[in-house]
Structures are given as structure tokens and as C-alpha cells.
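Read off the chains here:
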Amino acid sequence: MEYISTRGQAPTLNFEQATLNGLADDGGLYLPTSWPALSQGEIRGLQGKSYPELAFSIIQHFTCDCVPDDTLKELVHDACAGFRHDAVAPIKQLDDQLFLMELFHGPTLAFKDYALQILGQLFQYFLSRRGHACTIIGATSGDTGSAAIAGLKGLSSVELFMLHPHNRVSDVQRRQMTTVLADNIHNIAVDGTFDDCQNMVKSLFSDLDFKNKYALSAVNSINWARIAAQVVYYFRAAIALGAPEREISFSVPTGNFGNVLAGYVAKQMGLPIRKLIIGSNRNDILTRFFESGSMERRDVQTTLSPSMDIGISSNFERYLFELVNHDSDRLHGLMREFQEEGRFNVGRDMLNRARQDFSAYRLTDEDTRKDIKTTYEATGETIDPHSIIGVSAARKEGFEEVPIVVLATAHPAKFPDAIESALGRKPFLPDELSEILTLEERCRNLPNDVSTLMKFVESSLASDNYPKR
Ligand SMILES: *Cc1c(COP(=O)(O)O)cnc(C)c1O
């Protein structure tokens with residue numbers, strides 16, 4: 001299977017190269033030239049498999065010749081070993097037709113673990129096979145950083161530098177990163193905002209000498225392997241509820257469009273998905289798009305669901321590529337317009353097609369609190385401020401005989417203040433989180449300055465005897 005860039009001007013890659021490269025050289029995103037298709041019989045054959053077995057069966061369609069079967073089985077098995085629930089992604093019933101798939105049983109209690117645990121294993125496998133090491137640099141406003149650290153800690157081929165804005169992530173989120181003391185993990189608290197962190201990372205990547213010298217790479221949500229790993233739990237839920245015989249819809253609290261895009265991929269692979277329902281908070285660029293056909297950038301606002309506080313949904317570009325029938329010139333034009341004018345419009349036909357696959361709703365903070373409370377009263381479940389947006393979007397969509405599975409993207413204990421403001425009490429803290437409150441932290445505080453960051457990276461790598469091979 002080959003991977004092409006949405007913008008059509010970067011070389012075609014195989015799975016290994018697409019995984020290690022992340023973003024394409026032409027600024028586009030990699031995706032497969034065609035979707036692997038499973039017959040009804042093949043989907044039926046997946047019934048009864050354990051999560052690691054299922055993950056192998058699905059991810060194999062994307063890795064093809066790049067990873068031998070036995071190796072992939074091992075990698076997936078190791079990736080799942082750090083999850084705290086035997087089912088890995090258990091499903092609860094909230095109502096007749098409403099289900100909740102808990103994607104928060106990984107090491108950092110948010111759904112990003114489901115992809116980053118596997119991505120860490122893939123990086124280690126590919127790099128050690130090549131005899132290379134690489135330096136991964138990223139910026140986080142919370143969940144991504146801890147999940148990346150948990151996925152990459154202790155790996156011998158990877159050094160990870162993770163920037164977060166000093167005093168602008170929650171205590172729990174910071175401690176989930178800074179209490180990991182593995183030698184290859186370097187936490188940096190920047191005196192600035194998340195955008196400052198991201199700009200510093202971009203500057204490092206645009207310095208090509210630096211980039212090549214230290215083999216910089218990224219594990220952010222545009223990395224194709226993360227999408228591939230997320231396809232697995234869509235199959236898991238659909239099959240548990242009767243696929244391929246029975247249709248199903250999914251409701252997904254959405255920010256960067258990475259999670260829900262995996263649902264679209266599952267549908268293209270043959271899973272009988274009726275609708276993919278997008279839930280957004282007041283940062284509703286996607287919801288406005290599905291209302292009007294116009295994608296328009298606005299300033300980011302702070303909400304109760306911080307992991308969905310984004311201005312641009314970068315993974316949407318992959319779906320847009322589908323909507324323009326893989327016409328990369330047309331796509332390039334739309335992205336240029338967006339870059340220059342902060343907006344583009346797709347017109348009626350494309351909008352109508354998009355609405356067959358997706359519907360979209362938004363929730364204010366006030367309704368977020370209210371719905372956490374009413375859902376708790378009706379079901380006894382404490383639902384975090386991201387996942388509740390999925391629950392509310394599902395209810396707004398309605399059921400029409402098709403069950404809806406909400407993807408619960410975080411454990412409520414990660415957002416104690418939001419839960420307290422809704423329920424008048426703090427959520428129950430699982431052992432994993434109460435432990436880190438007393439552990440030693442390691443983190444370097446740096447000013448908002450690229451050359452200082454470069455020096456820090458260089459000196460850290462030198463003291464680690466980089467390169468290692
Ligand atoms: C990252 C994240 C999201 C948004 O996921 P996208 O793939 O960016 O749409 C939603 N909820 C939580 C808890 C997250 O960490």
C-alpha cells in the first residue's frame with residue numbers, strides 16, 4: 001500500500017516512511033491511495049476477537065509489507081499491555097440506544113493512549129531496524145504530551161522533547177508528564193502560551209540544518225499511524241453491537257478531527273456506519289462548516305473542554321481531499337485560500353455529500369455542566385466535560401433505530417474542577433492519578449526563545465551521547 005500527500009507534490013511513501021515523516025514536505029498530510037475493503041464475511045470473522053487480535057487484523061491492512069505479521073502481533077500486544085481494563089475499550093449502556101465506549105483506560109486516562117502506545121512501538125521497531133535514532137519535538141496543551149511521553153518513555157531509539165506553557169496546564173496534566181523520569185524524556189515549561197510553544201517547535205523544524213542533524217520527527221495527530229490505530233475501536237464497538245448485520249452511528253467529541261476521521265476510514269473499509277456525529281464546544285469551526293459549507297477561522301476561546309479548544313481542525317484536510325475526489329490542485333487552492341483569507345467555501349454539492357457522512361452540534365459550557373448533571377442523575381455515570389459533548393450531540397441527532405456509540409475520550413478525574421462545577425463534588429481519583437501527586441517531578445523552565453531551546457536540545461543530546469548508534 002502506498003501513501004500520497006493531499007497536496008500532490010511530495011513523494012509517494014510506504015507505511016514506514018509515512019509514519020516516521022509525519023507531515024509531508026509539501027505541507028500536506030499523507031493518506032493511502034485507496035481504502036482497504038473488508039467483505040461482510042471478513043468483518044464477521046472479527047467477531048469474538050480480543051482487542052489486541054482485532055488491532056492486529058485492522059492495522060495489518062495499513063502496514064502491509066513494512067511490518068511482518070509476527071512482529072506486528074507482538075508490537076500490538078506490547079502496546080495494549082499498559083491498559084488497565086481487560087477489555088481495553090469497554091462499552092457501557094446509558095440508554096436504550098445510547099452506548100458509551102470508554103477510551104480512557106490507558107496509562108494517561110485519555111483516548112490518545114490508544115494510538116500513541118502503538119505509535120511508540122512502531123517508531124522503536126522501524127528505527128532500530130534502520131539502526132537510527134530520532135529526536136521527537138512537540139508542543140502540548142495537555143493530553144497529547146502525557147500520552148506521547150507514556151508511549152515513548154524508555155525507548156532506546158527516541159529522544160522526546162515536550163514543550164508545555166508554564167502554569168497553563170492543570171496540575172494533573174503537568175504531573176502526568178513531569179513525573180516520568182526516563183532518560184529519553186525531556187519536559188520543558190515555556191514562559192508563554194501554547195501558541196508560543198508551537199511556534200518554537202515550528203521554528204526548529206524549519207531550520208533544515210538542525211532538523212537533519214538531529215533527525216527531528218513528530219508524533220502529532222496528523223501522523224497517519226495514529227489514525228490507523230484509532231480505526232480499531234470503531235470496529236470493536238460496531239462488531240460488539242451486531243456488525244456487519246446491524247448499522248451503528250458514532251458520536252465523537254472533536255477538536256482536530258483526528259478521532260472522527262478514523263471513523264470515516266472504518267466506514268470506507270466496509271463497517272456499516274450510518275452517521276458520524278461531531279460534537280464541538282464553542283470552538284465550533286467544524287459545526288459551522290457543516291451548517292454553511294464555509295470553513296472560517298476564528299480566535300480560540302477557553303472552555304471547560306480544553307482538549308477541544310482548537311482554532312483549526314488540521315486533520316479535516318484528509319476528508320476534504322476525499323470531497324474533492326483526490327484533486328490535489330483543487331485542494332491546494334482551498335488550503336491556500338484558507339491560509340491567506342482565513343476562510344474557504346465548498347459549495348452546495350460538496351456540503352450535501354459531507355452531510356451524508358457527518359452531522360455536527362455544539363455545546364456551551366453552561367449546557368456542558370447541565371448535561372453532566374442530568375446524565376449523572378439519569379445513569380449514575382460521571383462523564384468528563386469532553387465526552388459529555390458527545391453524549392449531548394448524540395441526543396440532539398436522535399436514534400431512528402440505529403444505536404449510537406459515544407466515544408468517551410477522557411476519564412472524569414482528569415478534569416476535577418469542571419466536574420465539581422457541575423456536580424458540586426470532585427470526581428473519584430483513580431490510584432494512578434493520586435500516586436503522581438507526590439512523585440518527584442523533572443522539568444526545565446525555558447524562556448520563550450528559540451535559540452535557548454536549541455541550545456538546551458543540543459546539550460541534552462550531547463550528554464546522552466547522541467547519536468546512540
Ligand atoms: C484530543 C482530545 C479530543 C479531540 O480529539 P481530536 O482527534 O483532536 O478530534 C477530545 N477529547 C479529549 C479528552 C482529547 O484529549
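Procedures and definitions
Residues numbered from 1 in each chain as written. Predicted model: local features only at pLDDT ≥ 70, side-chain atom pairs only at ≥ 80, totals over all residues. Heavy atoms only, no water. Phe/Tyr/Trp six-rings, centres within 6.5 Å; stacked < 30°, edge-to-face > 60°. Helix = DSSP H or I, 4+ residues; strand = E, 2+ residues; numbered from the N terminus. Buried < 20%, exposed > 50% of the residue type's maximum accessible area, 1.4 Å probe, protein only. Axes fitted to C-alpha atoms, helices over the stretch in contact; angles between N-to-C directions. Parallel < 35°, antiparallel > 145°, perpendicular 65-115°, else oblique. Contact = heavy atoms within 4.5 Å. Nonpolar A, V, L, I, M, F, W, Y, C, P; charged D, E, K, R; others polar. Pairing = 2+ DSSP bridges. Near = heavy atom within 4 Å. Polar contact = N/O pair within 3.5 Å; in protein donor to acceptor, adjacent residues only side chain to side chain. Areas by Shrake-Rupley, 256 points an atom, 1.4 Å probe, with all protein chains shown as cover. Expected span 1.5 Å × (residues − 1). Arc of directions from axis to C-beta. Disulfide = S-S within 2.5 Å.

Attention now moves to the packing of aromatic side chains. As enumerated under the stated definition, the model contains 26 aromatic pairs in all. Plain terms: the ring middles of Tyr-264 and Phe-358 are 6.3 Å apart, the flat faces sit at 20 degrees to each other, and that makes the pair stacked. Taken together, the positions of Tyr-264 in helix α11 (residues 258-268) and Phe-358 in strand β13 (residues 358-362) put the pair 94 residues apart, joining distant regions of the chain. On the basis of relative accessible area, Tyr-264 is assigned to the buried category, the value being 5%.

Running from N to C, helix α16 (residues 365-379) and helix α17 (residues 387-397) cross one another at 80 degrees; their axes reach a closest spacing of 10 Å. Regarding the angle of α16 to α17, the classification is roughly perpendicular. Residues Thr-368, Asp-371, Ile-372 and Thr-375 of α16 form the contact with α17, whose own contacting residues are Ile-388, Ile-389, Val-391, Ser-392 and Arg-395. For the contact of α16 with α17, a count of residues per class yields four nonpolar, three polar and two charged.

Moving on to the sheet that holds strand β8 (residues 216-217). The five strands lie next to each other as β8-β5-β6-β7-β15, forming an open sheet whose pairing is parallel. Lying at the two open borders of the sheet, with one neighbouring strand each, are β8 and β15 (444-446). Where strand β6 (residues 158-165) lies against strand β7 (residues 185-190), six bridges are found, and the strand directions are parallel. Counted as the bridge partner of Leu-163 is Ile-188 from β7. With respect to the sheet, helix α8 (residues 194-206) is in contact with β5 (134-139), β6, β7 and β8, its orientation differing from that of β5 by roughly 150 degrees.

Another point: the site of the ligand. If you check the shell around the ligand, you find 15 residues, and the closest are Lys-112, Asp-143, Gly-255, Asn-256 and Thr-409. At a separation of 2.7 Å, an oxygen atom of the ligand approaches a polar side-chain atom of Asp-143. Interatomic distance of 2.9 Å between a backbone N/O atom of Asn-259 and an oxygen atom of the ligand. For the ligand, whose accessible area on its own is 380 Å², the fraction buried by protein is 96%. The residue makeup of the shell around the ligand, split by class, is five nonpolar, eight polar and two charged.

With an omega of 10 degrees, the peptide bond running from Ala-243 to Pro-244 counts as cis. With respect to the helices and strands, Pro-244 occurs in the loop between α10 (224-240) and β9 (248-253). Non-glycine residue Glu-401 carries a positive phi angle of around 70 degrees. Taking relative accessible area as the criterion, Glu-401 reaches 72% and is therefore assigned exposed.

Consider a sheet: its strands pair through backbone hydrogen bonds, and that pairing is either parallel or antiparallel. In space, the six strands of this open sheet follow the order β3-β4-β14-β9-β10-β13, with mixed pairing throughout. The two strands at the open ends of the sheet, each matched to only one other strand, are β3 (91-93) and β13. Taken pair by pair, the neighbouring strands of this sheet meet at an average axis angle of 25 degrees, ignoring direction. Relative to strand β4 (residues 98-102), β3 runs antiparallel, the two sharing three bridges. By the bridge assignment for β4, Lys-92 is matched with Leu-100.

Turning our eyes to something else, we now look at helix α14 (residues 328-341). End to end, α14 covers 20 Å across 14 residues, agreeing with the expected 20 Å (1.5 Å per residue, within 8%). Residues of α14 that are buried: Ser-328, Leu-331, His-332, Leu-334, Met-335 and Phe-338. The buried residues of α14 all sit within an arc of 165 degrees when viewed along its axis, so they share a single face. Seen from the buried face of α14, the exposed residues on the opposite side, beyond 90 degrees, are Asp-329, Glu-340 and Glu-341. Of the surrounding secondary structure, the elements contacted by the buried residues of α14 are α12 (285-292), β11 (294-296), α13 (316-323) and β12 (343-345). The residue sitting at the N-terminus of α14 and contributing the capping side-chain oxygen is Asp-327; that oxygen lies 3.2 Å from the backbone nitrogen of Asp-329.

Checked against the element boundaries, Glu-2 lands in the segment before β1 (3-5). Accessibility expressed as a relative area gives 49% for Glu-2, which makes it partly exposed. In this structure the C-alpha to C-alpha distance between Glu-2 and Tyr-30, which are 28 residues apart in sequence, comes to 9.6 Å. With sequence-adjacent residues up to four places away left out, Glu-2 is seen in contact with Thr-12, Leu-13, Leu-31, Pro-32 and Thr-33.

The next thing to look at is the state of the cysteines. A complete count under the given rule lists zero disulfides for this structure. With no disulfide of its own, Cys-66 has Cys-64 as its nearest cysteine by sulfur position, at a separation of 7.3 Å. Sulfur of Cys-80: no disulfide; nearest cysteine sulfur belongs to Cys-64 and is 20 Å away. Classification of Cys-80 as buried rests on a relative accessible area of 10%.

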